[in-house]
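# Commentary on secondary and tertiary structure
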Amino acid sequence: MVASIADRAMPDTAPETAASPGGSSIPGGSSIPGASPMKILGIGLPLLYSAAFFLAPLAFLIVLGFWLVEDFQVVPAFSLENYLDIAQHMFAKSNYALAIAQSLWVSLTTAVLAVLVCYPMVLAIVYLAPQSRHRLLLMLAVAPFWSSYVLRLFSWQILLANKGIINSGLAWAGLENLQFSLIYTQTATRIGLIHYLAPILIVVLYVTVANIDRDLIQAARDLGATRWQAFRRVILPMSRTGLVVSTSFAAIVSFGDVLAGALLGGGAGASILGSVPLFSNMIMSEYASSTNLPRTSALAMILVLVMILMLAAGAALAERNKPDVT
């Protein structure tokens, strides 16, 4: 009887190999996901683009930092001479450490100010404007991207110059005592950076705030919370991840930016750390005045390393500040 049951349970033939559209066939009826030509092409092209235009130049920059210059010629070799020389001047002569600290100070304060400017604008779009107008308002918010970044910085030069449009208008109105001198200061650098970052941050923060469940806000209001309490206890905690991501992104972009510091800040605007150039501007100055390209590449790699550390810190902070929805 047992043999008879076993004979009935066992199929007469081996299981056929099943194949599903868009996947490789394997025995048992399952398929390898993501093996269709269109999926391979859709994933492969971006990877190929990133490898050709990002990873390959970055790899060459890393390798170049270990090369040497002999008789004004770049010599392929592996040497730590460039990094050792930079380390020797980290706290003396060129004072790279103070330049890095200056860049961190400018980038972090710029990031915080940019988020403080953009977050209320996003709250107004989401909670005050009709939902039918959200797309229009977002389009107007990203409108600065329709013009060149360099053109916008030159426009700020015209506005903030000592005899620029704003000061000339104040003088014409008889308000000379309200005139200011912002050009070639770190305040001007921050203004240019915030103008550049604002469209991106508004979109990032809009996605965060717009996805907050309004039922939670209404529940808080039904339980007697004021609008400020509902914001402080519901909206703000649910926005923490977006705020951290936006701040991290703004800080990284500001740290690596060169144009705002050069065109608006004069390369070395005064701050609490003194009139020290930003690290990115220092790298560009050495690139323009030196024939030692490997050493400049080593400096650029230090900048990239600091940005990677900032990215890692921002990602860890964003992970810690994820809202608890349980």
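Nothing here was measured: the structure is a model prediction, and the numbers come from that model. (Residues numbered from 1 in each chain as written. Predicted model: local features only at pLDDT ≥ 70, side-chain atom pairs only at ≥ 80, totals over all residues. Heavy atoms only, no water.)

## Comments concerning the overall build of the chain
Note the cut-off: The numbering of helices and of strands both runs from the N terminus, where a helix is a DSSP run of H or I of at least 4 residues and a strand a run of E of at least 2. Partly exposed residues are those whose accessible area sits between 20% and 50% of the maximum for their type, while under 20% is buried and over 50% is exposed, using a 1.4 Å probe and protein chains only. Contact between two residues is taken to exist if any of their heavy atoms lie within 4.5 Å; hydrogens are not considered. Computed by Shrake-Rupley with a 1.4 Å probe, the accessible areas treat only the displayed protein chains as cover when residues are assessed.
When you go through the chain residue by residue, the secondary structure sums to 14 helices and 5 strands. A buried classification covers 33% of the 326 residues belonging to the chain. Contacts in the chain between residues far apart in sequence, at least 24 positions, make up 67% of those at least 6 positions apart. For the chain, the accessible area works out to roughly 19800 Å², and carbon and sulfur atoms hold 68% of it.

## A short note on the environment of Arg 214
As for its placement among the helices and strands, Arg 214 is situated in helix 9 (residues 214-222). Under the relative-accessibility criterion, Arg 214 is labelled partly exposed at 45%. The spatial distance from the C-alpha of Arg 214 to the C-alpha of Ile 235 is 9.2 Å, given a sequence separation of 21 residues. With residues near it in sequence (within four places) discarded, Arg 214 still touches Val 126 and Tyr 127.

## Side note on the side chain of Ser 239
Locating Ser 239 in the fold gives a position in the loop between helix 10 (227-238) and helix 11 (240-256). Note on Ser 239: relative accessible area 1%, which makes it buried. Contact partners of Ser 239, with chain neighbours within four places excluded, come to Tyr 119, Thr 208, Val 209 and Ile 212.

## Structural notes on the nonpolar core
To keep things clear, this is the line we draw: Working definition of a nonpolar core: buried Ala, Val, Leu, Ile, Met, Phe, Trp, Tyr and Cys residues. They are joined through side-chain atoms within 4.5 Å.
Ranked by internal contacts, the top residues of the largest apolar core, which has 48 residues, are Ile 86, Tyr 96, Tyr 119, Val 122, Leu 201, Ile 235 and Phe 279. For this core, the element with the most residues is helix 4 (residues 96-127), which contributes 13 residues. Residues in contact with Ile 235, not counting those within four places in the same chain, are Tyr 119, Leu 123, Tyr 127, Ile 212, Ile 217 and Ala 230. Membership of the second largest hydrophobic core comes to 9 residues, among which are Tyr 149, Leu 153, Leu 193 and Ala 260.

## Some words on the confidence of the model for the chain
The condition that has to hold: Values of pLDDT, which run from 0 to 100, indicate the predictor's confidence residue by residue.
Scored by pLDDT, the chain has a mean of 86; 87% of the residues are at 70 or more. In this model residues 1-30 is a low-confidence stretch, pLDDT under 50, and it forms 23 contacts with partners more than four residues away in sequence or in other chains.

## Here we look at the packing of aromatic side chains
Counted only if it meets this: Stacked, tilted and edge-to-face are the three classes applied to pairs of Phe, Tyr and Trp rings, where Trp contributes its six-membered ring and a pair requires centres within 6.5 Å; stacked means planes under 30 degrees apart, edge-to-face means over 60, and tilted covers the rest.
For the structure on display, the rule yields 9 aromatic pairs. Judged by centre distance (4.9 Å) and plane angle (20°), the ring pair of Phe 66 and Phe 78 falls under stacked. One end of the pair, Phe 66, is in the loop between helix 2 (37-64) and strand 4 (68-70); the other, Phe 78, is in the loop between strand 5 (73-75) and helix 3 (81-88), and 12 residues separate them in sequence. Ring centres of Phe 66 and Tyr 83 lie 5.3 Å apart, and the angle between their planes is 40°; this geometry places the pair in the tilted category. Here Phe 66, found in the loop between helix 2 and strand 4, pairs with Tyr 83, found in helix 3; they are 17 residues apart in sequence, far enough to count as distant. For Tyr 83, a relative accessible area of 24% corresponds to the partly exposed category. Feature note: the residues Phe 66, Phe 78 and Tyr 83 constitute an aromatic cluster, connected by ring pairs.

## Here's the deal with the packing of helix 8 (residues 186-210) against helix 11
Let me state the cut-off plainly: Each axis is a line fitted through C-alpha atoms, taken for helices only over the stretch in contact, and angles between the N-to-C directions span 0 to 180 degrees. For classification purposes, angles smaller than 35 degrees are called roughly parallel, those larger than 145 roughly antiparallel, those between 65 and 115 roughly perpendicular, and all remaining angles oblique. Each crossing gets its handedness from the near helix: less than a right angle anticlockwise from the far helix is left-handed, clockwise is right-handed. Throughout, the ten residues Ala, Val, Leu, Ile, Met, Phe, Trp, Tyr, Cys and Pro are labelled nonpolar, Asp, Glu, Lys and Arg are labelled charged, and all others, Gly among them, are labelled polar.
For the pair helix 8 and helix 11, the least separation of the axes is 10 Å and the interaxial angle reads 155°. Comparing the axis directions of helix 8 and helix 11 gives the class roughly antiparallel. Pair helix 8 / helix 11 crosses with right-handed handedness. In contact with Leu 193, Tyr 196, Leu 197, Ile 200, Leu 201, Val 204, Leu 205 and Thr 208 of helix 8, helix 11 contributes Gly 242, Leu 243, Ser 246, Phe 249, Ala 250, Val 253 and Ser 254. Tallied by class, residues from the contact of helix 8 with helix 11 come to 11 nonpolar, 4 polar and no charged.

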